[in-house]
Amino acid sequence: MFSAKCKSKARLEGRTAIVTGSNTGIGYETARELLKRGARVILANRDLEKSQKAGEMLCAEVPACQLRLLRLDLASLKSVHTFAMEILATESNVHLLINNAGVFACPYTLTEDGNEMQFQTNHLGHFLLTLLLLPALKVSAPSRIINVSSKLHWFGKIDFDDMEMSKTYKPTKAYSRSKLCNMLFTKELIKRLQGTGVVAYTVDPGMVATEATRHLKGTAASMQKKMEFLKKSPVQGAQTTLHCALSEKLAVQKGMHYSECSSAAISCGAKRKEDAMKLWKLSEDLLLCQVGSAACVIRRNLFYPQIIQERMGLFRNGSCTSDAKLDGKTVVITGANSGIGFETARELAKRGNAANFRGYKSRKYYQAPEW
Ligand SMILES: NC(=O)c1ccc[n+]([C@@H]2O[C@H](COP(=O)([O-])OP(=O)(O)OC[C@H]3O[C@@H](n4cnc5c(N)ncnc54)[C@H](OP(=O)(O)O)[C@@H]3O)[C@@H](O)[C@H]2O)c1
């Protein structure tokens, strides 16, 4: 079976990497190579016992192995949040975030947050993890985010009105959709990361003999067995991830999608900018609005990283460049007696007839002299 090999000789002393789903398969082999190159590696796995075993095997093989085990269950937004907060509180740097964990073609299940399992594990959990860890990645720049997608993203379709798929669920259809989400998320992420020194890539590892097919039954399972001889080993399957994590040439954003350690074509669906923005917005809305689930915790705390970013001066100070005038328009702003609301009102007043601005309850705040 042909498999390209990562040719980079880069060493990683002093660098910290997080690998999700690293107790087995492609993630384990990725973590092993990063450790061999001197990185400090955080194994982010949901089952601490399996993670412990993987850690022991890795340390038995790699001398002076610098390993940390931390629980991460991507099917629980609360767990993702706890993991990220622990990282932000205890790690001074994150140079590499490898979003590798994935579930393939499981039976229809909803997570504790009420999302379709493959959508949350493969996309939404990693989406939240990435956003929460951005302050650490930005402060550690040059840094990289690698999202492990799949060739099956070519078959992915997103019906934004049917994210739960409660009536339309097919295991492989939901998987392909989640892998298309990886592509669209990365597309939008690259756009938003411009100028930060953080780059992001998607990877297609090829067909790899791992535990990924564990949920398949009957004909599908026996077909997989018959195809085993065509599959790569997990070491081979990890090569493109390693290429994107290590290649010196990819330290600055160079394309997005890689397969066999080379830039690769993406599906038409993965090229749609509007869908990338729509998915981003939908993912944010899901994280902010899932009332009655653990996501409420996120809702309250999601602002922490933003506060950290602000304090570190990491936000690019983008300012609104529109010259639009608002003469004759009426504006209602809630909470405008101080802070962001006050500043918004001030700018809007400057663009129209300030006399039309009325403050209720605490009128004095609205009479700023320069208006
Ligand atoms: N194998 C292939 O042919 C192939 C092809 C294309 C893309 N991929 C992608 O490659 C990545 C790695 O897959 P693999 O082939 O190495 O599969 P694997 O051997 O099944 O490993 C998957 C890893 O993800 C973890 N995981 C699953 N659900 C999780 C959750 N809720 N929270 C945290 N971790 C979770 C698993 O942990 P547990 O052991 O606890 O379940 C395991 O560590 C996946 O994103 C997959 O979609 C694989």
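Residues numbered from 1 in each chain as written. Predicted model: local features only at pLDDT ≥ 70, side-chain atom pairs only at ≥ 80, totals over all residues.

- As recorded by an unreviewed UniProt entry, the protein chain carries the name Retinol dehydrogenase and is attributed to Cloeon dipterum.
- According to UniProt, the comment filed for the protein chain under the heading Sequence similarities (unreviewed entry) is "Belongs to the short-chain dehydrogenases/reductases (SDR) family." (UniProt positions renumbered as here; feature names shortened; annotations may be inferred.)

### Overview of the nonpolar core
Nonpolar side chains in soluble globular proteins tend to be buried together.
Alright, step 1. Core analysis: the biggest nonpolar cluster contains 77 residues, and Val-41, Leu-128 and Leu-133 have the highest contact counts within it.
Alright, step 2. Per element, the largest residue contribution to this core is 12 residues, and it comes from helix α4 (residues 117-139). (Core = buried A, V, L, I, M, F, W, Y, C linked by C-beta atoms within 7 Å. Buried ≥ 20, exposed ≤ 12 C-beta atoms within 10 Å, placed from the backbone. Helix = DSSP H or I, 4+ residues; strand = E, 2+ residues; numbered from the N terminus.)

### Focus: the site of the ligand
Alright, step 1. The ligand sits among 29 residues. The nearest are Gly-21, Gly-25, Gly-102, Ser-150 and Thr-210.
Alright, step 2. Residue contributions to the shell around the ligand peak at 3 residues, all from helix α1 (residues 25-36). (Near = placed C-beta within 6 Å.)

### Observations concerning the sheet that holds strand β6 (residues 198-204)
Alright, step 1. Spatial ordering of the open sheet is given by β3-β2-β1-β4-β5-β6-β7-β8, a layout of 8 strands whose pairing is mixed. Sheet topology places β3 (66-71) and β8 (262-263) at the edges, where each strand pairs with a single neighbour.
Alright, step 2. Packing against the sheet, helix α8 (residues 239-246) makes contact with β4 (96-99), β5 (143-148), β6 and β7 (257-259), and its axis sits at approximately 160 degrees to β5. (Pairing = 2+ DSSP bridges. Contact = placed C-beta atoms within 7 Å. Axes fitted to C-alpha atoms, helices over the stretch in contact; angles between N-to-C directions.)

### What about helix α2 (residues 48-61)?
Alright, step 1. In a regular helix each residue adds 1.5 Å, so 14 residues correspond to 20 Å; α2 covers 20 Å between its end C-alpha atoms and thus fits that length.
Alright, step 2. Residues Ser-51, Ala-54, Gly-55 and Leu-58 constitute the buried set of α2. The buried residues of α2 all sit within an arc of 105 degrees when viewed along its axis, so they share a single face. The exposed residues of α2 that point more than 90 degrees off its buried face are Glu-49, Glu-56 and Ala-60. (Expected span 1.5 Å × (residues − 1). Arc of directions from axis to C-beta.)

### Here we look at the packing of helix α3 (residues 77-90) against α4
Alright, step 1. Interhelical geometry of α3 versus α4 gives an angle of 15 degrees and a closest axis separation of 9 Å. Put simply, α3 runs roughly parallel to α4. Remark: the crossing between α3 and α4 carries right-handed chirality. Where α3 abuts α4, its residues Leu-77, Val-80, His-81, Ala-84, Ile-87 and Leu-88 lie against Gly-125, Leu-128, Leu-129, Leu-132, Leu-133, Pro-135 and Ala-136.
Alright, step 2. Its residues assigned to classes, the contact of α3 with α4 comprises 11 nonpolar, 2 polar and no charged. (Parallel < 35°, antiparallel > 145°, perpendicular 65-115°, else oblique. Left-handed = near helix turned anticlockwise from the far one by under 90°. Nonpolar A, V, L, I, M, F, W, Y, C, P; charged D, E, K, R; others polar.)

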